[in-house]
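Report on the structure
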Amino acid sequence: MCGRFVMTYSAADIQDFFLVSEVVDPDLAASWNVAPTDPIPVILDRHGTGDEAVSRKLVTARWGLVPSWAKDTKGAARLINARMETVTEKPSFRKAAAARRGLIPSDGYYEWEKTADAKKIPTYLHGADEEPLAFAALFENWPDPALPDGHPEKWLRTATIITTAASDALGHIHDRTPLVVPPDMWTDWLDPETTKEADVRALLDSMPEPHLVPRVVSDKVNYVRNNGPELIEAAA
């Protein structure tokens, strides 16, 4: 799974790297310890009004998916991840998988390797080239039934990170890893015209294994109140 990650890029950095044409929410705060229910950046491709072409947007969502049919937001913290193997089938995710796919930019993420003596070793995993990773994501727009139509806080955008089985090289750290979308598949993954389950499934199954580099870090990351670049430094 992925329960903590790092996102330190500015809106301008993300716009340049991911070829974003419209920044909807520019006020992104760097975080070395993103936790469930925190605000996170999401990249998506959407049609404009009328016959306008598809444009790539950078928006903000809350981490932890709330399905549009949910009565409240209480279960969001449990839906921070969606398993690739069942994402097109599970009621909480299948509609989003068909119509609301996104990318979450990230420097890297944390996992805790369990040892034979039941200890947990915090490990930071990042790309070999140190460029932004693009986590495969789903997003939803949830209408708050307690607020009237037209209220500025009527709609809540939320997101989840898709995970897959970890490769043998990383499986000893944790058996799951975020699904990383390579640059040459960004457009296909975000394409709003791709809505059939079989086509989405084919996209998921064609994702290559990411080449990630692990680094053991200090246990400071265990506490969400800690947040700074020292969290990703190698443990002493």
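Below or above, wherever it landed, is the structure these notes cover. Keep in mind that this is a model prediction, so the values were computed, not measured.

Looking at the packing of aromatic side chains
Counted by the stated rule, this structure contains eight aromatic pairs. Seen from their ring centres, Y110 and W112 are 6.5 Å apart, and the 45° between their planes marks the pair as tilted. A residue is classified by how much of its surface remains accessible, and Y110, at 0% relative accessible area, is buried. Of the aromatic side chains, those joined through ring pairs into one cluster are F5, W63, Y109 and F135.

With respect to the pattern of salt bridges
Evaluated as defined, the whole model comprises seven salt bridges. Where E130 meets R215, a salt bridge forms, and the shortest distance between an N and an O atom there is 3.9 Å. With a gap of 85 residues between them, E130 in the loop between β9 (120-127) and β10 (133-143) and R215 in strand β13 (residues 212-216) connect regions that are remote in the sequence. Taking the relative accessible area as the measure of exposure, E130 reaches 46% and is therefore partly exposed. Salt-bridge contacts for D149 lead to K154; the nearest nitrogen and oxygen are separated by 4.0 Å.

What about the environment of V24?
Examined against the element boundaries, V24 turns out to sit in the loop between β2 (22-23) and β3 (31-34). When near neighbours in sequence (up to four residues on either side) are disregarded, V24 contacts K57, L58 and V59.

Structural notes on the nonpolar core
Residues F5, L103, I162 and W189 are the most contacted members of the largest nonpolar core, which totals 55 residues. Here this core gets seven residues from one element, more than from any other, and that element is β10. Counting eight residues, the second largest nonpolar core, distinct from the first, contains V6, Y124, V217 and V221.

A few points about the pairing of strand β8 (residues 108-114)
Taken across its seven residues, β8 has six buried, putting it largely inside the fold. Hairpin connection, β8 to β9: the antiparallel pair is bridged by five residues, and A118 has positive phi, about 75°.

Calculation rules
Residues numbered from 1 in each chain as written. Predicted model: local features only at pLDDT ≥ 70, side-chain atom pairs only at ≥ 80, totals over all residues. Heavy atoms only, no water. Phe/Tyr/Trp six-rings, centres within 6.5 Å; stacked < 30°, edge-to-face > 60°. Buried < 20%, exposed > 50% of the residue type's maximum accessible area, 1.4 Å probe, protein only. Salt bridge = Lys/Arg side-chain N within 4 Å of Asp/Glu carboxyl O. Helix = DSSP H or I, 4+ residues; strand = E, 2+ residues; numbered from the N terminus. Contact = heavy atoms within 4.5 Å. Core = buried A, V, L, I, M, F, W, Y, C linked by side-chain atoms within 4.5 Å. Pairing = 2+ DSSP bridges.

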